[in-house]
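An overview of the molecular structure
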Amino acid sequence: MNAVSAPTASVAHRLSAAGTANALELRGVTRMFGALAALTDITLSIRPGERRGVLGSNGAGKTTLFNCITGDFPVTSGTIRFFGEDITHFPAHERIRRGLRRTYQISLLFAGLSVLDNVYLACRGVSRARFSLLRPRRNDALMQAAEDLVAAVHLDDVKDNKVATLAHGQQRQLEIALALAGAPRFILFDEPAAGLSPTERAELVEILTSLPAHMGYIIIEHDMDVALRVVEHVTMMHNGAIFKEGSPEEIENDPEVQELYLGGAHA
Amino acid sequence: MAIAREDVRTQVNPSVGTLWYEKIPRAYWVVGFILLVMPLIAGDFVLYQIFGWSFILGMIALSLMFLAGYGGMVSLAQMTIAGCAGYMVAIFGDSGIDAISMNWPWWIVIPLALIIAVLFGTLCGALAVRTEGIYTIMITLAIAAAFFYFTRQNYVVFNGFAGFNGVLPPELFGVNWRGPVAFYYLTLFWAVLAYFAVLYVRRSPFGLALQGVRDNPRRMEALGFNVTAHRIAAYSFASLIAAIGGILLVWSNSQISPGTAGIGPVIDILVIAVVGGIGRPIGPFIGALIYVLLRTFALDVLTSVGLPPERFQLLIGLGFLLIVFWSPDGVLGLWQRWQSRARDSAGFRRSAGRDIAGDDR
């Protein structure tokens with residue numbers, strides 16, 4: 001877990017910046033697909049350690065927002081700052097090395113590799129020696145970190161199994177383990193509870209609430225029971241724009257929001 | 001001592017106290033032994049023309065298998081990279097073309113040829129990795145075609161159509177390395193080294209990352225990996241293997257000309273890798289042996305059934321069609337399917353924790 005992701009030169013700079021800067025700062029972020037605006041003028045500030053929920057119906061632009069923040073898609077206009085550093089034009093892997101992580105709505109895992117190898121790869125990705133030709137020794141620090149992570153998401157029983165053989169819920173847990181590798185400073189969870197059983201949901205809530213306090217995240221979640229228990233603040237999106245922000249209670253009791261979204265879900 | 005260890009091993013934990021040589025599957029011992037004593041059994045022709053050639057083509061196809069099997073990148077430029085290394089040996093070293101060859105000592109020529117070929121292969125990779133699937137094939141095929149026509153038309157450096165003859169291996173340790181037995185061991189040595197290098201790299205962090213890139217480039221990027229850099233590095237590694245094969249190929253023929261890396265041989269490497277199976281590193285060697293046997297004996301078979309001997313390509317093509325039709329993962333796939341069927345009927349269950357050395361997919 002001690003793998004430092006950043007080039008040393010900018011560490012001091014970023015640490016000093018992190019004291020004052022927001023974990024994530026989006027200004028006027030717009031993303032067009034041809035003539036279609038998937039995101040329009042998103043402005044969003046999230047403090048270090050803050051846990052934010054993003055709600056919205058299908059097509060509201062939630063996942064596009066994630067893709068823009070992590071660099072899977074370039075933004076059409078606007079700026080994204082991560083702990084004070086302008087990462088708008090960074091390739092995805094550079095953002096990840098700075099401590100940003102994400103999970104995917106549909107698990108993107110390495111089906112042919114074992115659970116442990118999946119997590120080990122994630123630990124490798126944010127360490128140096130990504131190109132190493134030397135095989136890890138048994139007491140390799142990263143391998144140990146990978147073992148710890150596998151245990152943290154309750155997958156030690158199946159750690160040597162190929163991912164293709166895992167149940168859906170286990171794959172979702174592994175998805176989270178990959179995002180926790182290295183030293184994440186901020187994580188984007190894209191519907192981590194999708195398709196989970198009630199028991200697995202409870203386990204997920206436990207994993208999320210037991211994350212270290214400095215580790216902020218944004219979580220996209222339709223299940224209000226999960227979302228409202230793991231966030232302090234909610235952003236409601238609609239048609240690619242921010243519709244409303246507030247505490248979970250405010251959002252849940254807001255008549256406009258109920259009209260738009262919760263009404264349908266809770267009816 | 002050995003008995004005590006054996007007891008501990010069987011009683012406590014199968015992975016504790018295993019001696020290193022116990023982890024090597026029996027098949028390795030058998031094949032290794034047969035290959036080592038082959039010169040006692042086989043004649044000069046078989047050693048040089050069948051095995052020597054198979055090992056060389058196998059190495060070049062292995063470099064393609066590494067890229068395609070672990071990296072998901074089908075490169076048709078591997079024979080070209082081998083040809084590049086071969087040409088460099090002829091140009092910087094000694095050949096029958098005194099006007100061009102520089103006659104530098106072998107200990108400069110061979111590393112230099114390898115470095116140039118690896119740089120060339122890396123450059124090919126840098127061009128090719130920006131594309132996917134069929135476009136990678138097209139770009140690398142274009143590079144191969146360009147290299148072929150360039151060497152055929154350039155007389156100043158590549159000596160055009162005729163190429164170079166009289167390119168011989170250095171007489172190191174007083175051995176004539178073109179002697180059948182010496183050449184057999186020379187090619188065997190490098191083929192085995194390349195094979196185990198690929199097996200080893202596959203399980204290294206780099207190899208794991210490469211397989212991750214193959215399965216899921218987007219996720220790899222989201223884990224902090226520079227996907228493009230990894231793909232290019234894979235080309236560099238594959239180029240080194242192809243380059244070694246290329247140098248051995250020149251020595252084996254004692255000549256190199258544009259046709260060595262022409263479109264035909266370029267496609268042959270693909271055929272070899274696919275026929276053998278691109279899932280595992282042993283596949284290309286099996287494919288190469290089949291190819292060489294067909295190349296060598298198809299003539300006799302054809303004449304014996306009254307067909308014109310120049311139709312040997314037909315046999316190779318038919319064989320290729322049959323294998324690809326019946327088994328997309330090559331001869332190895334056929335073998336594995338047959339084996340698992342035999343195992344199922346015998347009532348065995350595949351154990352979950354297979355030996356690392358045995359499970360080399």
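The shown structure was predicted, so the numbers you read here are calculated from the model rather than taken from an experiment. Sequence order as written defines residue numbering, which begins from 1 separately in each chain. Each chain gets a letter, beginning with A, and each ligand a number, beginning with 1, in the order they are written. Under the rules for a predicted model, residues below a pLDDT of 70 receive no local features and side-chain atom pairs below 80 are neither given nor counted, while totals for whole chains, interfaces and linings still include all residues.

Secondary structure summary: chain A contains ten helices and ten strands in total. To sort residues by burial, count the other C-beta atoms lying within 10 Å of each one's C-beta; a count of 20 or more means buried, 12 or fewer means exposed, and anything in between means partly exposed. C-beta atoms are built from the backbone. Buried residues in chain A amount to 43% of all 267 residues. In this description, any two residues whose backbone-derived C-beta atoms lie within 7 Å of each other are considered to be in contact. Sequence-distant contacts in chain A: of pairs separated by 6 or more residues, those separated by 24 or more amount to 69%. Put simply, DSSP H or I for four residues or longer makes a helix, DSSP E for two residues or longer makes a strand, and each gets a number counted from the N terminus.

What follows is about the sheet that holds strand β5 (residues 85-86) of chain A. All names here are of chain A. Any two strands with at least two DSSP bridges between them are considered paired. Taken together, four strands build an open sheet; the order of strands is β2-β1-β4-β5 and the sheet is antiparallel. Bordering the open sheet on either side are β2 (36-46) and β5, each of which pairs with just one other strand. Sheet analysis places strand β4 (residues 77-82) next to β5, joined by two bridges and oriented antiparallel. If you follow F82 over to β5, its bridge partner there is E85. Axis lines are fitted through C-alpha atoms, for helices just across the contact stretch, and the angle between N-to-C directions can take any value from 0 to 180 degrees. Of the strands in this sheet, β1 (24-33), β2 and β4 touch helix α2 (residues 62-70), which is tilted by about 65° from β2.

The backbone of F83(A) shows a phi angle near 50°, a positive value even though the residue is not glycine. Within the secondary structure, F83(A) is located in the loop between β4 and β5. Here N159(B), not a glycine, exhibits a phi torsion of approximately 55°, which is positive. The class for N159(B) is buried, based on 25 C-beta atoms found within 10 Å.

Residues and elements named next belong to chain B. For helix α11 (residues 263-276), built from 14 residues, the straight-helix expectation of 20 Å at 1.5 Å per residue is met to within 8% by its first-to-last C-alpha distance of 20 Å. Taken residue by residue, α11 has V266, D268, I269, L270, I272, A273, V274, V275 and G276 as its buried positions. Once α11 finishes, G277 follows within two positions and takes phi at roughly 120°, a positive value. Multiplying one less than the number of residues by 1.5 Å gives the expected span of a helix.

Quick look at the environment of P111(B) now. Position of P111(B) among the secondary structure elements: in helix α5 (residues 106-128). Once the C-alpha coordinates of P111(B) and A85(B) are considered, the two residues, 26 residues apart in sequence, prove to be 9.8 Å apart.

All names here are of chain B. Model confidence for chain B is summarised by a mean pLDDT of 81, while 89% of its residues fall at 70 or above. Values of pLDDT, which run from 0 to 100, indicate the predictor's confidence residue by residue. Per-element mean pLDDT across chain B ranges from 40 in helix α1 (residues 2-11) up to 93 in helix α10 (residues 227-253). Counted against residues more than four places away or in other chains, residues 1-15, with its pLDDT under 50, gives seven contacts. Prediction confidence for the complex, expressed as pTM and ipTM, is 0.77 and 0.71 respectively.

This part is about the sheet that holds strand β8 (residues 216-220) of chain A. All names here are of chain A. Read across the open sheet, the six strands follow the order β6-β7-β8-β3-β9-β10; overall the sheet is mixed. Where the open sheet ends on each side, the last strands, each with one partner, are β6 (100-102) and β10 (241-246). With strand direction ignored, the average angle separating the axes of adjacent strands in the sheet is 20°. Contacts from α2 reach β3 (51-55), β6, β7 (186-190), β8 and β9 (233-238), with the element oriented near 150° to β7.

On to the confidence of the model for chain A, then. Summing up the model confidence of chain A, the mean pLDDT is 80 and the portion of residues at 70 or higher is 87%. Across residues 1-9 of chain A the pLDDT falls below 50, and counting only partners more than four positions away or on other chains, this stretch makes 22 contacts in the model.

Residues and elements named next belong to chain B. Two elements in contact, helix α4 (residues 78-92) and helix α6 (residues 134-153), have axes separated by 9 Å at closest approach and are oriented at 30°. When the axes of α4 and α6 are compared, the pair comes out roughly parallel. Once α4 is placed against α6, the crossing between them reads as left-handed. Residue-level inspection shows M79, T80, G83 and Y87 of α4 in contact with α6, the latter providing I143, A144, F147 and T151. Note on angle classes: values under 35 degrees are labelled roughly parallel, values over 145 roughly antiparallel, values of 65 to 115 roughly perpendicular, and the remainder oblique. Here is the rule for handedness: rotate from the far helix to the near one, and if that takes an anticlockwise turn smaller than a right angle the crossing is left-handed, while a clockwise turn gives right-handed.

Turning next to the nonpolar core. V119(A), V89(B) and A243(B) are the most contacted members of the largest nonpolar core, which has 174 residues in total. The biggest single contributor to this core is helix α3 (residues 44-71) of chain B, with 18 residues. In this usage, the nonpolar core is the set of buried Ala, Val, Leu, Ile, Met, Phe, Trp, Tyr and Cys residues whose C-beta atoms join them within 7 Å.

With 21 residues of chain B at the interface, the matching set in chain A holds 29 residues. Counting residues per element, the ones that place at least two in the side of chain B that touches chain A are α7 (180-203), α8 (205-215) and α9 (217-222) of chain B. Among the elements that make up the side of chain B that touches chain A, the one with the highest residue count is α8(B) (seven residues). Under the grouping applied here, Gly and all other residues not named as nonpolar or charged are polar, the nonpolar ones being Ala, Val, Leu, Ile, Met, Phe, Trp, Tyr, Cys and Pro and the charged ones Asp, Glu, Lys and Arg. A per-class count over the side of chain B that touches chain A returns nine nonpolar, seven polar and five charged.

This brings us to the pairing of β2(A). All names here are of chain A. Two strands pair when backbone bridges link them, and β1 and β2 are joined in this way by seven bridges, in the antiparallel orientation. By the bridge assignment for β2, E25 is matched with S45. Between β1 and β2, which pair antiparallel and follow one another directly, the connecting turn spans two residues, one of which, G34, has a positive phi of 60°.

This part takes up the pairing of β9(A). Residue and element names in this part refer to chain A. Sheet topology note: the β3/β9 ladder contains four bridges and is parallel. Across the sheet, the residue bridging to V54 is T235, located in β9. Linkage of β9 to β10, two consecutive antiparallel strands, is achieved through a turn of two residues, within which N239 is found at a positive phi near 50°.

Moving on, we come to α3(B). Residue and element names in this part refer to chain B. Over its 28 residues, α3 runs 38 Å from end to end, which matches the ideal 40 Å to within 8%, given 1.5 Å per residue. Most of α3 is tucked away: 24 of the 28 residues are buried. Positive phi shows up at G72, right after α3, with a value of about 70°.

This brings us to the packing of helix α4 (residues 115-125) of chain A against helix α5 (residues 141-152) of chain A. For any two helices packed against each other, the geometry comes down to the angle between their axes and how far apart the axes lie. Residue and element names in this part refer to chain A. Relative to each other, α4 and α5 sit at 120°, their axes nearing to 8 Å. Taken together, α4 and α5 sit at an angle that is classed as oblique. Like other packed secondary-structure pairs, α4 and α5 cross with a definite hand, here right-handed. Taking contact as the criterion, the partners of V115, L116, V119, Y120, C123 and R124 in α4 are, on α5, L142, M143, A145, A146, E147, L149 and V150. Looking at the contact of α4 with α5 residue by residue, the class counts come to eleven nonpolar, no polar and two charged.

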